[in-house]
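Report on the structure
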Amino acid sequence: MLKKRFYVKIDELKSKNLLLKGIEFSAGRIVEKALVEEMGPTPFPSVTDLREWDFKLLKKYKPLYLPFCDLCCLCTFGKCDLSQGKRGACGLDMSAQQSRIVLLACCIGAATHLAHARHLVDHLIENFGGDHKIDVGGLNVELEAPVTCLVCGIIPQKLEDLEEALDYCEREVTQLLSATHTGQEGNNLDFESKVFHAGMIDQVAMEVTDIAQISSYGFPKADPEAPLIDIGVGVVDATKPVIMVVGHNVPSAISIVDYLQDNGLQDSVEVTGLCCTAQDMSRYNPRAKIVGPISWQLRYIRSGVPDVIVVDEQCIRADSLNEAKKIKAPLIASSSKNCLGLPDRTMDNVDDIVSDLVSGKSPGVLILNHEKVGEIAVKTAIKVAPKRKKFKIMPSIKRIVEDATKCKRCYECVRACPNTLPLVEALAEAAKGDLSKLSDLYDKCVGCARCESACPQRFPLHSFIVKAAEKKMKGERFKVRAGRGAIQDVEIRNVGGPIVLGEIPGVVAFVGCANYPESGRDVAEMAIEFAKRRYIVLTSGCAAMSVAMYKDEEGKSPYEIFSGEFNAGGIVNVGSCVANSHIAGAAIKIASIFAKRRLAGNYEEIADYIHNRVGAVGVAWGAMSQKAAAIASGFWRLGIPVIVGPHGLKYRRMLLGRKDCEEDWKVYDARTGELVYGGPAPEHLFCAAETKEETMVMIAKLCMRPNDTAKGRAIKLTHYIDLYKRLYGIMPDDIHLFVRTLADVPITMRDDVVKILDEKGWKENIIPDPTLLLRMVKRREEAKLE
Amino acid sequence: MNRPEPWQTAETPGPEKALVITKPEIVAALLKRAKHPIMIVGHGILGCNLGKEEMIDYVIRLARLSGVTVAATSHIVKEFVEKGFQPAVSISAIEITDRLRDPSWKGFDGNRQYDLAIFLGFPYYMEWLILSGLKNFSPDLKTVSLDKFYQPNASWSFPNISTEEWINNLNAIEKEFRNG
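All values derive from a computational prediction rather than experimental measurement. (Residues numbered from 1 in each chain as written. Chains lettered and ligands numbered in written order. Predicted model: local features only at pLDDT ≥ 70, side-chain atom pairs only at ≥ 80, totals over all residues.)

1. Quick look at the overall build of chain A
Within chain A, the regular secondary structure consists of 29 helices and 25 strands. In terms of overall dimensions, chain A is globule-like: its C-alpha atoms have a radius of gyration of 27 Å, near the 28 Å expected for 786 residues. C-alpha extents for chain A along the principal axes are approximately 85 × 70 × 60 Å. Across the 786 residues that make up chain A, the buried fraction comes to 59%. Taking the intrachain contacts of chain A between residues at least 6 apart in sequence as the baseline, contacts between residues at least 24 apart amount to 75%. (Helix = DSSP H or I, 4+ residues; strand = E, 2+ residues; numbered from the N terminus. Rg over C-alpha atoms; globule rule 2.2 N^0.38 Å. Buried ≥ 20, exposed ≤ 12 C-beta atoms within 10 Å, placed from the backbone. Contact = placed C-beta atoms within 7 Å.)

Right, here's the structure in full:
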């Protein structure tokens, strides 16, 4: 990090319409801030600056707590039993405790993205210089950092400008984390407001990370035609030395690619990756190959294909060193956050390190220098590959059958499996020589290997599944579009109107991890369904990979079938987890570029606009991590609903609306100032769905907004009713709540809908100019305010 | 496997744990005694075979015999309707949980909050959490898990039992209603 030993700051020079923000002199460099538009009321908001906005949302969407544990064990007073109305020794009740845990999770998530951002920005400034220009889309993107501008009120133009945003984020996360200490915050709704704050900070951190790496590494710059990348175990050329990278922070992976390129070795060594490092590596070099999402880690390692494993940070299995040892593949840890107990060899001679790794003297090393990682990984892979000969620990079919006959049917494996997969039944068939049932589990297995830990006979059950499905795994060959990053301003201008008016029925983002209740195929099927329905479909992270791992009858993956343009019917991979910020950024840009709302430091107004007008919904079908929780909470504060799969209930808290409570759905009509019924749109802010079918129905419903025009609402209702009828077999019973005027009724469903309206005693309503903010009422003095 | 411990090994409950249904007649008695019961049926009953019949057929029969209100979650409503049974409502599991923790809610019939909720057909961990929410925030509601795995956060639950025992228990509950 650049140290500022000398620092003078002139905060602002204000004229009638313009604000010249900050001239700073620091340690020999001059930071000139951009001339920005008039500043909104909350630049760099403190923990409580947006509390009032949060409470407006929390009044509509009340927390439903689902305690994962009845106890609190965070201090030495405890354990305290908080169940059924009891309070702990510190006075905290169950609601506050649950929201406190949610805040802890979101602080962990935000801190993780933030630490990633800080590391990357420091690294890039060191390599490219602090005055390296931020450029995420050339002439196509004028507003490079919409989230940062909205939250912080600054327009970063150079890498070093990002430091101010990071300084702010670090201060805020510390404040938030401190609130979880015993004897601090005691109210659940205030905890929830802080959760939203953590989410907002998280989005800034993610945006800083992604715009820094796009600008510096030459990733696709808002390119709808970003290259198609090979994905799947089957795309790896195992005849070559293979390097596997896994994690989220890409500099080490890039140093590998660079070293190969610089030394003419790019055709001699395969570079393969999992999780977000793989996403970002493929944005850097389209020849890099993606193996799959996070849940592919064990199966890929155990296949013996990787000769060297390079781990950076986040979502890496804690037992990766043990697994690497099993296949005799050296491991290189490259992040201070994940040292794995390995000796720090950063300062040692490269050839000595390579020699120790190849000979097996050192099973792994910690190297905290990215350039060195590249050289060591390549040299080691080339030398160790002929020695290892792709040594794998996959059991033979014979062994599986033999072990299966010894299974005592204790069911410990099934009881340990997150999805209660029928392992015992599959083993019973395997004992008869039929491995098809084991193979069937492959698609549903999340790759956690808890079954193996639980088995009293220590059978390598995960490997049994993978071996049984070996042919299937080796046949995984798909295409994913490289993460394109930001959405172009011109795309926003083109679709802003149709989205806000409701004529594009919605923007659906499939994001997050791969802790699926059934299989990743569900995500692909949902993405395809909504792309066909002419929604704008966005993807990121592991979910983007799951969408790719699907083929139609012609053998094409969804990214080959659908356009990468941010437009109706597109499937748009924005990139790795940190690229989720572009999804928020697109919603913000609709308010800023299309609707011309003031942006800088104007969070509440922009969020109010998005919440009431932009029919966007996030789906994290396999959400697993604390980062996913933080990402979701960033969307909540913008008023964008998020759906998670059933495992998402383990986040302990939903934010649910009550469509049967009319009073909860009042909005100001900005034209008159009257409080009017805006309808339950969106109905929830955070909910878990039981099945893929329920999710699809929920997506269609949660895309409705009070601002929809009659034409737009009719289109949205058409999709909602059509999906409901197809999947549920009946008409939805809440149509009357979403029909404001008869013009809202889909013309092709008119008779059926009108019949329901009559039965429900429906009355015509107005279509408001909706806002939750009194200050947005246009003529307050004339308005009939309640 | 007949032991009152959670089916998923790590889902250890808090101090308050479900009473074990040692005799199926207990369920029938709870249902008969309840003033306003509801049965919440998840998608897991699809494809669930009870030997001679599908689980859904049993649920329909029990609902008709007992008169309990049926809330069908996710897409299970389609199967009910195709079998000629109209549940009282199609609603998501999370939404019905949210309603059940509200003491002022009057139920789907507009009369009063439910006093007994019977759950079946959900992923184990999902039901575990839903029941935990209700245990902690719906003090006046009794909950029963009719699945074959011990759900510690219910008021009443079967222990972990074999499919055969489960079928026998379910049949015994039905018999209680047939006998009046």
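2. Looking at the domain arrangement of chain A
Residue and element names in this part refer to chain A. Domain annotation of chain A identifies domain 1 (1-33), domain 2 (233-388), domain 3 (397-459) and domain 4 (480-775). Each of domain 2 and domain 4 has a C-alpha centre, and these two points are 39 Å apart. Contact residues are listed per partner, giving 14 residues for domain 2 and 16 residues for domain 4. Contributing elements (two or more residues each) for the side of domain 2 that touches domain 4: helix H7 (275-284) and strand E11 (289-292). Examining the composition of the side of domain 2 that touches domain 4, we find that six residues originate from one element, H7, more than from any other. (Domains from an automatic or database assignment.)

3. Some details on the interface of chain B and chain A
Between chain B and chain A, the contact holds 35 residues from the first and 36 residues from the second. Element by element, the count of residues in the side of chain B that touches chain A is highest for helix H5 (residues 124-137) of chain B, at nine residues.

4. Details of the sheet that holds strand E6 (residues 142-145) of chain B
All names here are of chain B. Pairing within the open sheet is parallel, and its seven strands lie in the order E1-E7-E6-E5-E2-E3-E4. Here the strands that pair on one side only, and so sit at the sheet edges, are strand E1 (19-20) and strand E4 (89-90). Pairing geometry for strand E5 (residues 116-120) and E6, over four bridges, is parallel. Bridged to Leu116 within E6 is Lys142. (Pairing = 2+ DSSP bridges.)

5. What about the packing of helix H26 (residues 692-702) of chain A against helix H27 (residues 710-728) of chain A?
Residue and element names in this part refer to chain A. It is at 8 Å that the axes of H26 and H27 come closest, and there the two elements cross at 165°. Considering their axes alone, H26 and H27 lie roughly antiparallel with respect to each other. Once H26 is placed against H27, the crossing between them reads as left-handed. Where H26 approaches H27, its residues Glu693, Met696, Val697, Ala700 and Lys701 are matched on the opposing element by His719, Tyr720, Leu723, Tyr724, Leu727 and Tyr728. Tallied by class, residues from the contact of H26 with H27 come to eight nonpolar, one polar and two charged. (Axes fitted to C-alpha atoms, helices over the stretch in contact; angles between N-to-C directions. Parallel < 35°, antiparallel > 145°, perpendicular 65-115°, else oblique. Left-handed = near helix turned anticlockwise from the far one by under 90°. Nonpolar A, V, L, I, M, F, W, Y, C, P; charged D, E, K, R; others polar.)

6. Section: the pairing of strand E17 (residues 536-540) of chain A
The side chains of a regular strand alternate between the sheet's two faces. Residues and elements named next belong to chain A. The buried fraction of E17 amounts to five of the five residues, a majority that puts the element mostly inside the structure. Judged from the four bridges that link them, strand E16 (residues 507-510) and E17 form a sheet pairing that is parallel. Following the sheet pairing, Phe510 is matched in E17 by Thr539.

7. As for the environment of Lys701(A)
Residue and element names in this part refer to chain A. Along the chain, Lys701 falls in helix H26. Separated by 37 residues in the primary sequence, Lys701 and Phe738 have C-alpha atoms spaced 9.3 Å apart. If we ignore the near neighbours within four places in the chain, the residues touching Lys701 are Glu683 and Tyr720.

8. Observations regarding the environment of Leu177(A)
When you line up the elements, Leu177(A) lands in helix H4 (residues 162-178). C-alpha of Leu177(A) to C-alpha of Leu104(A): the two residues are 73 residues apart in sequence and 6.7 Å apart in space.

9. A closer look at the environment of Arg658(A)
Structurally, Arg658(A) can be placed in the loop between strand E21 (653-656) and strand E22 (666-669). For the pair Arg658(A) and Asp769(A), spaced 111 residues apart in sequence, the C-alpha separation works out to 22 Å.

10. Side note on unusual backbone geometry
Residue and element names in this part refer to chain A. For the peptide bond that leads from Gly78 to Lys79, omega is 10°, which places it in the cis range. Along the chain, the position of Lys79 falls in the loop between strand E6 (71-72) and strand E7 (80-81). Here the bond from Ala681 into Pro682 is cis, since omega is -5°, no more than 30 degrees from zero. Assignment of secondary structure puts Pro682 in the loop between strand E23 (675-677) and strand E24 (684-688). Positive phi outside glycine occurs at Cys315, with the angle close to 65°. Structurally, the position occupied by Cys315 is in the loop between strand E12 (308-311) and helix H9 (320-326). Accessibility expressed as a C-beta count within 10 Å gives 23 for Cys315, which makes it buried.

11. As for the packing of helix H2 (residues 94-128) of chain A against H4(A)
Residues and elements named next belong to chain A. Between H2 and H4, the least distance of the axes is 10 Å, while the angle of their chain directions is 155°. Taken together, the axes of H2 and H4 are roughly antiparallel relative to one another. As H2 runs across H4, the sense of the crossing is left-handed. From H2, Leu103, Cys107, Ala110, Ala111, Leu114, Ala117, Arg118 and Val121 reach across to H4, where they touch Leu162, Glu163, Leu166, Cys169, Glu170, Val173, Leu176 and Leu177. Looking at the contact of H2 with H4 residue by residue, the class counts come to 13 nonpolar, no polar and three charged.

12. Points about the sheet that holds E23(A)
Residue and element names in this part refer to chain A. Taken in spatial order, the three strands make up an open sheet running E23-E22-E25, and their pairing is antiparallel. Among the strands making up the open sheet, the edge pair consists of E23 and strand E25 (770-771). Both E22 and E25 contribute to a ladder of two bridges, which runs antiparallel. Considered in E25, the bridge of Asp669 is made with Pro770.

13. Regarding the confidence of the model for chain A
Residue and element names in this part refer to chain A. Per-residue pLDDT for chain A averages 94, and the proportion of residues at 70 or more is 94%. Under a pLDDT of 50 for its full length, residues 1-8 has, in the predicted model, 13 contacts with residues more than four places off or in other chains. In this model residues 24-35 is a low-confidence stretch, pLDDT under 50, and it forms 22 contacts with partners more than four residues away in sequence or in other chains. (pLDDT = per-residue confidence, 0-100.)

14. What about helix H23 (residues 580-594) of chain A?
Residue and element names in this part refer to chain A. For H23, spanning 15 residues, the distance from its first C-alpha to its last is 21 Å, which sits close to the expected 21 Å at 1.5 Å a residue. Its axis deflected by about 30° at Ile588, H23 carries its strongest bend there. With 15 of 15 residues buried, H23 lies mostly within the body of the structure. A positive phi of about 60° marks Lys596, the residue just after H23. (Expected span 1.5 Å × (residues − 1). Bend = angle between axes of the 7 residues up to and from the residue.)

15. Overview of helix H6 (residues 251-262) of chain A
Residues and elements named next belong to chain A. The end-to-end C-alpha separation of H6 is 16 Å, in line with the 16 Å expected for twelve residues at 1.5 Å each. For H6, a buried count of nine out of twelve residues is recorded, marking the element as mostly surrounded by other parts of the structure. Considered for burial, the residues of H6 that qualify are Pro251, Ser252, Ala253, Ile254, Ser255, Ile256, Val257, Tyr259 and Leu260. Directly after H6, the chain includes Gly264, whose backbone phi takes a positive value near 65°.

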